[in-house]
Amino acid sequence: KGVYSSTDHGDFWTADTVGLGYDPAIPGFSNATVGIAHIGSKLYAVKDLGKGVYASPTDTIRWVRIGNYSAVFGGVGWKPLFAGIDTNVFAATYGGVFMYSGSDTTWFKRSDGLPEYLSSPILTAVDSLLFLYTGSVNEIYVSGDLGLHWEPFGTSDLANKAIESIASTKTHVIAATSIDTWRLAVKDVVLSTEDEGQTLPFR
């Protein structure tokens, strides 16, 4: 039925659906929220079945639509994954990566260097770097310029295992496969524009 919030560590939950357009007369998944993230001072959410992308302040939950899903993401994919750098919001969908700067309802495609189709994409950000995994080529990509350009980061150190989830701290990226977990110190990341040809091992 939308987004719920709790102010007492989960003992009691309240539906925060103001502005989400929840219609109790429409049952099932038509009102479901399939993606949500806290970036900067706002929450961002996506409704199922292409019903829109929404934003809300964190202190007073009141959702405002910031884009039609089909218009924003080209109607490709249904469950974007959010990541943020400063006030910039990034969404990874099957059809590519898109950026929202927060000024209006405009999303910009940021997929230069990425495969045309992103199968089960996983997106995370650490400091000023974006990391994207896509199962379509079993590859990790990295961008240091807000998604304008991406380059392969490689999974050879992971024995080319398929990655199931990626998390991040303030200093590291953690990639989990079906049998083990790997950690990368972001300070060790060197993009090809800085030092051509340097390899970047996971640790």
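Relevant structure appears above.
First, a word on what this report is: a plain description of the structure on this page. Worth saying up front: this structure is predicted, and the values here are computed from it rather than measured. Counting starts from 1 at the beginning of each chain's written sequence and moves along it residue by residue. Local features in this predicted model are restricted to residues of pLDDT 70 or higher, and side-chain atom pairs are both shown and tallied only at a pLDDT of 80 or more, whereas totals for entire chains, interfaces and linings draw on every residue. Where side-chain values are given, they derive from all heavy atoms of the structure, hydrogens and water being excluded.

## So, the overall build of the protein
Phase 1 of the analysis: Secondary structure is summarised from DSSP: a helix means a run of H or I of at least four residues, a strand means a run of E of at least two, and numbering begins at the N terminus for each. The number of helices and strands found in the protein is one helix and 17 strands.
Phase 2 of the analysis: Throughout this description, buried means an accessible area under 20% of the type-specific maximum (1.4 Å probe, protein chains only), exposed means over 50%, and partly exposed covers the range between. For the protein, the proportion of its 203 residues judged to be buried stands at 43%.
Phase 3 of the analysis: Taking as baseline every contact in the protein between residues at least 6 positions apart, the subset at least 24 positions apart corresponds to 34%.
Phase 4 of the analysis: We get accessible surface area from the Shrake-Rupley algorithm with a probe of 1.4 Å; when it comes to residues, only the shown protein chains can shield them. Split by element, the accessible area of the protein, about 10600 Å² in all, is 52% carbon and sulfur. Note on contacts: a residue pair qualifies if any of its non-hydrogen atoms lie within 4.5 Å across the two residues.

## Re the sheet that holds strand β3 (residues 33-39)
Phase 1 of the analysis: Across the sheet, four strands lie side by side as β3-β4-β5-β6; this open sheet has antiparallel pairing. Where the open sheet ends on each side, the last strands, each with one partner, are β3 and β6 (64-67). Looking at each pair of strands side by side, their axes are set apart by 30° on average, direction ignored.
Phase 2 of the analysis: Paired strands are those between which DSSP finds at least two bridges. Two strands pair when backbone bridges link them, and strand β5 (residues 52-57) and β6 are joined in this way by three bridges, in the antiparallel orientation. Paired with Tyr 54 across the bridge in β6 is Arg 65. Axes here mean lines fitted to C-alpha atoms, for a helix over just the part in contact, with angles spanning 0 to 180 degrees between N-to-C directions.

## Structural notes on the packing of aromatic side chains
What characterises a pair of aromatic rings is the spacing of the ring centres plus the angle enclosed by the ring planes.
Phase 1 of the analysis: Here a Phe, Tyr or Trp ring, Trp counted by its six-membered ring, pairs with any other such ring whose centre lies within 6.5 Å, and the pair is stacked when the planes are under 30 degrees apart, edge-to-face when over 60, and tilted otherwise. One pass over the full model with this rule turns up three aromatic pairs.
Phase 2 of the analysis: Here Tyr 94 and Tyr 117 contribute two aromatic rings whose centre-to-centre distance is 6.0 Å and whose plane-to-plane angle is 35°, an arrangement assigned as tilted. Of the two residues, Tyr 94 sits in the loop between β8 (88-93) and β9 (96-100) while Tyr 117 sits in the loop between β10 (107-109) and β11 (122-126), which places them 23 residues apart along the sequence.
Phase 3 of the analysis: For Tyr 94, a relative accessible area of 25% translates into the label partly exposed.
Phase 4 of the analysis: A relative accessible area of 47% means that Tyr 117 is categorised as partly exposed.
Phase 5 of the analysis: Aromatic pair Tyr 100 and Trp 107: ring centres 5.1 Å apart, planes at 25°, arrangement stacked.
Phase 6 of the analysis: Overall, Tyr 100 belongs to the buried group, its relative accessible area being 3%.
Phase 7 of the analysis: An aromatic cluster is present here, built from Tyr 44, Tyr 100 and Trp 107 joined pairwise through their rings.

## Focus on unusual backbone geometry
Phase 1 of the analysis: In this structure, Asp 86 is a non-glycine residue whose phi angle is positive, near 55°.
Phase 2 of the analysis: Counting through the fold element by element, Asp 86 comes out in the loop between β7 (81-85) and β8.
Phase 3 of the analysis: Positive phi is not limited to glycine here, since Leu 146 has a value of about 60°.
Phase 4 of the analysis: Inspection of the secondary structure assignment puts Leu 146 in the loop between β13 (139-143) and β14 (151-152).

## A few points about the environment of Gly 19
Phase 1 of the analysis: Along the chain, the position of Gly 19 falls in the loop between β2 (14-15) and β3.
Phase 2 of the analysis: Take Gly 19: its relative accessible area is 41%, and that puts it in the partly exposed class.
Phase 3 of the analysis: Other than its neighbours up to four places away in sequence, Gly 19 contacts Tyr 54 and Trp 63.

## Things to note about the pairing of strand β15 (residues 163-168)
Phase 1 of the analysis: Pairing of β15 with strand β16 (residues 172-177), which is carried by five bridges, proceeds in the antiparallel orientation. Pairing of Ser 168 across the sheet is with Val 173, part of β16.
Phase 2 of the analysis: Between the end of β15 and the start of β16, which pair antiparallel, lie three residues.

## Points about the sheet that holds β16
Each strand in a sheet pairs with its neighbour through backbone hydrogen bonds, running either in the same direction (parallel) or in the opposite one (antiparallel).
Phase 1 of the analysis: Read across the sheet, three strands follow the order β15-β16-β17 without closing on themselves; strand pairing throughout is antiparallel. Edge positions in the sheet fall to β15 and β17 (181-185), since each of these pairs with one other strand and no more. Direction aside, neighbouring strands of the sheet carry axes that sit 20° apart on average.

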